[in-house]
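Each chain is listed here by its residues.
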Amino acid sequence: MSPLARQIVEQASARGVTVTCAESCTGGQVAAAITDVAGSSAVFAYGFVTYSNGAKVDLLGVHPETLEAHGAVSEEVVREMAQGARVRAGADIAVAISGIAGPGGSEFKPEGRVCYGLATATGVTAQTIDHGALGRAEVRLAARDHALSLILGALG
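Just so you know, the residues in each chain are numbered from 1, in the order the chain's sequence is written. The model is predicted, so local features are restricted to residues of pLDDT at least 70 and side-chain atom pairs to those at 80 or more, both for listing and for counting; the totals for chains, interfaces and linings are taken over all residues. Note that the side-chain values use all heavy atoms of the structure and ignore hydrogens as well as water.

Colleague: Mind showing me how you'd approach the packing of helix H3 (residues 53-60) against helix H5 (residues 75-89) here?
Modeller: A fitted line through C-alpha atoms serves as each axis, taken over the contacting stretch for helices, and the angle formed by two N-to-C directions is quoted from 0 to 180°. Elements are defined by DSSP. Helices are runs of H or I of four residues or more, strands are runs of E of two residues or more, and each kind is numbered from the N terminus. Running from amino to carboxyl end, H3 crosses H5 at an angle of 40°, the nearest separation of the two axes being 9 Å. Taken together, H3 and H5 sit at an angle that is classed as oblique. The handedness of the crossing between H3 and H5 comes out as left-handed. Where H3 approaches H5, its residues Lys56, Leu59 and Leu60 are matched on the opposing element by Val77, Glu80, Met81, Gly84, Ala85 and Arg88. When grouped by side-chain class, the residues that make up the contact of H3 with H5 number 5 nonpolar, 1 polar and 3 charged. Any angle from 65 to 115 degrees is called roughly perpendicular, while one under 35 is roughly parallel, one over 145 is roughly antiparallel, and all others are oblique. Should the near helix be turned anticlockwise from the far one by less than a right angle, the crossing is termed left-handed; should it be turned clockwise, right-handed. By the convention used here, residues are in contact when the closest approach between their heavy atoms is within 4.5 Å. Think of it as three bins: nonpolar holds Ala, Val, Leu, Ile, Met, Phe, Trp, Tyr, Cys and Pro, charged holds Asp, Glu, Lys and Arg, and polar takes everything else, Gly as well.

Colleague: Which parts of the structure should I look at to understand unusual backbone geometry?
Modeller: Note on backbone geometry: most residues besides glycine have negative phi, and most peptide bonds are trans. In this model, glycine 102 is joined to proline 103 through a cis peptide bond whose omega is 0°. The topology assignment puts proline 103 in the loop between strand S3 (93-99) and strand S4 (113-120).

Colleague: I would appreciate a short explanation of the nonpolar core in the present structure.
Modeller: Looking at soluble globular proteins, one finds that nonpolar side chains tend to be buried together. Think of a nonpolar core as a cluster: buried Ala, Val, Leu, Ile, Met, Phe, Trp, Tyr and Cys residues, connected wherever their side-chain atoms sit within 4.5 Å. Whether a residue is buried, partly exposed or exposed follows from its accessible area with a 1.4 Å probe, protein chains only, as a fraction of its type maximum: under 20%, in between, or over 50%, in that order. In terms of nonpolar packing, the biggest core is built from 30 residues, with Val30, Ile34, Val95, Ile97, Ile151 and Leu155 touching the most fellow members. Only helix H1 (3-15), strand S1 (19-23), helix H2 (29-35), S3, S4 and helix H6 (136-155) provide two or more residues apiece to this core. It is H6 that contributes the most residues to this core, 8 residues altogether. In this structure valine 30 touches Cys21, Glu23, Val95, Ile97, Arg144, Ala147, Leu148 and Ile151, once residues within four positions along its chain are discounted. With 18 residues, the next largest nonpolar core counts Ala22, Ala72, Val77 and Ala96 among its residues.

What follows is the structure, given as structure tokens:
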């Protein structure tokens, strides 16, 4: 069990706050980490795994123009993913993740690059982290843990 997820459930429960997630490259690992914690149903109703661009549009309301202009792995897209997840789940805090887990990538979007979005009542932020070419499994774990730390920080 993830210590970060346990802290999220404890703190969100104590504050009466709900959380959700919109995941692409992590494929549901953030939701799995949170729901591994007993009592998580008090703070987490559901999340979104939107691996394809079509799913990002259909389930989260990401604008096709944003995807076309910036690509799925971009701060612009994760901002829209996070806000869409927050609104659709009726959650207080939403985190979004889109990245290049590998293998592969490109000169402009290398393996290990992950964009994160965080939506709260006060607004939406985004950031990009290059975790490096750690291998697919390790990039996904690093992305999961960073996303969990963003939720925990928002609870702070």
